[in-house]
Amino acid sequence: MFYFAVSEGFRSGGVSSPVIFSQGALEPFGVEALRAYEGGVKMALAGGRAQFNASGFFYDFEGYQATFVRSTEVIARLQNAGDVEIY
């Protein structure tokens, strides 16, 4: 069996801090968008006594959201970290 999948998703933007301890915590973060590709193969070998599976994937994020901890703030906050590719 061979397979290939393409999917898309997103996480909305907003303001990460429920309690505002600094002016920086008021800065909103933007939308995170993802396009994901995955493909693979599953094969029965040796008359069904063994199986071989292999897969690969590629995630393409735009506006990746990450949690940052800063020494000047009491709590961690969510911010956009830029575009990210994961293999």
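Engineer: Is there a simple way to explain the packing of aromatic side chains in this structure?
Structural biologist: Aromatic ring pairs are defined here through the distance separating the ring centres and the angle between the ring planes. Tallying each qualifying case throughout the model produces five aromatic pairs. Seen in terms of ring centroids, Tyr37 and Phe58 are 6.0 Å apart; in terms of plane orientation they differ by 25°. Their pairing is stacked. Highlighted residues: Tyr37 in strand 2 (residues 32–45) and Phe58 in strand 3 (residues 50–62), separated in sequence by 21 residues. Where Phe58 meets Tyr87, the ring centres are 5.0 Å apart and the plane angle is 40°; that geometry is what we call tilted. Here Phe58 is found in strand 3, whereas its partner Tyr87 is found in the segment after strand 6 (84–86), with 29 residues between them in sequence. Here the aromatic cluster, defined as three or more aromatic residues joined through ring pairs, consists of Phe57, Tyr59, Phe61 and Tyr64.

Engineer: How should I be thinking about the pattern of salt bridges in this particular structure?
Structural biologist: Any two side chains of opposite charge can pair, so long as their charged atoms come close to each other. Following the criterion strictly, the structure yields two salt bridges and no others. One salt bridge connects Glu8 with Arg35, and the closest N-O pair in it is separated by 2.1 Å. Of this pair, Glu8 sits in strand 1 (residues 2–11) while Arg35 sits in strand 2; the two residues are 27 residues apart in sequence, bridging distant segments of the chain. Given the relative accessible area of 58%, Glu8 is considered exposed. Classification of Arg35 by relative accessible area gives partly exposed; the value is 37%.

Engineer: What exactly am I supposed to notice about the sheet that holds strand 1 here?
Structural biologist: Hydrogen bonds between backbone atoms are what pair the strands of a sheet, whose relative direction is either parallel or antiparallel. Taken in spatial order, the four strands of this open sheet run 1-2-3-6, and their pairing is antiparallel. Every interior strand has two partners, whereas the edge strands, strand 1 and strand 6, have only one. Each adjacent strand pair in this sheet contributes to an overall mean axis angle of 10°, direction not counted. As paired elements, strand 2 and strand 3 share 13 bridges and run antiparallel to each other. Bridge pairing in strand 3 places Leu45 opposite Ala50.

Engineer: Would you mind going over the environment of Tyr64 with me for this structure?
Structural biologist: Here Tyr64 shows up in the loop between strand 3 and strand 4 (65–68). A C-alpha to C-alpha distance of 9.8 Å links Tyr64 and Phe10, two positions 54 residues apart in sequence. If near-sequence neighbours (up to four positions away) are discounted, Tyr64 is found in contact with Glu32, Gln79, Asn80, Ala81, Gly82 and Val84.

About the thresholds
- Residues numbered from 1 in each chain as written.
- Predicted model: local features only at pLDDT ≥ 70, side-chain atom pairs only at ≥ 80, totals over all residues.
- Heavy atoms only, no water.
- Phe/Tyr/Trp six-rings, centres within 6.5 Å; stacked < 30°, edge-to-face > 60°.
- Helix = DSSP H or I, 4+ residues; strand = E, 2+ residues; numbered from the N terminus.
- Salt bridge = Lys/Arg side-chain N within 4 Å of Asp/Glu carboxyl O.
- Buried < 20%, exposed > 50% of the residue type's maximum accessible area, 1.4 Å probe, protein only.
- Pairing = 2+ DSSP bridges.
- Axes fitted to C-alpha atoms, helices over the stretch in contact; angles between N-to-C directions.
- Contact = heavy atoms within 4.5 Å.

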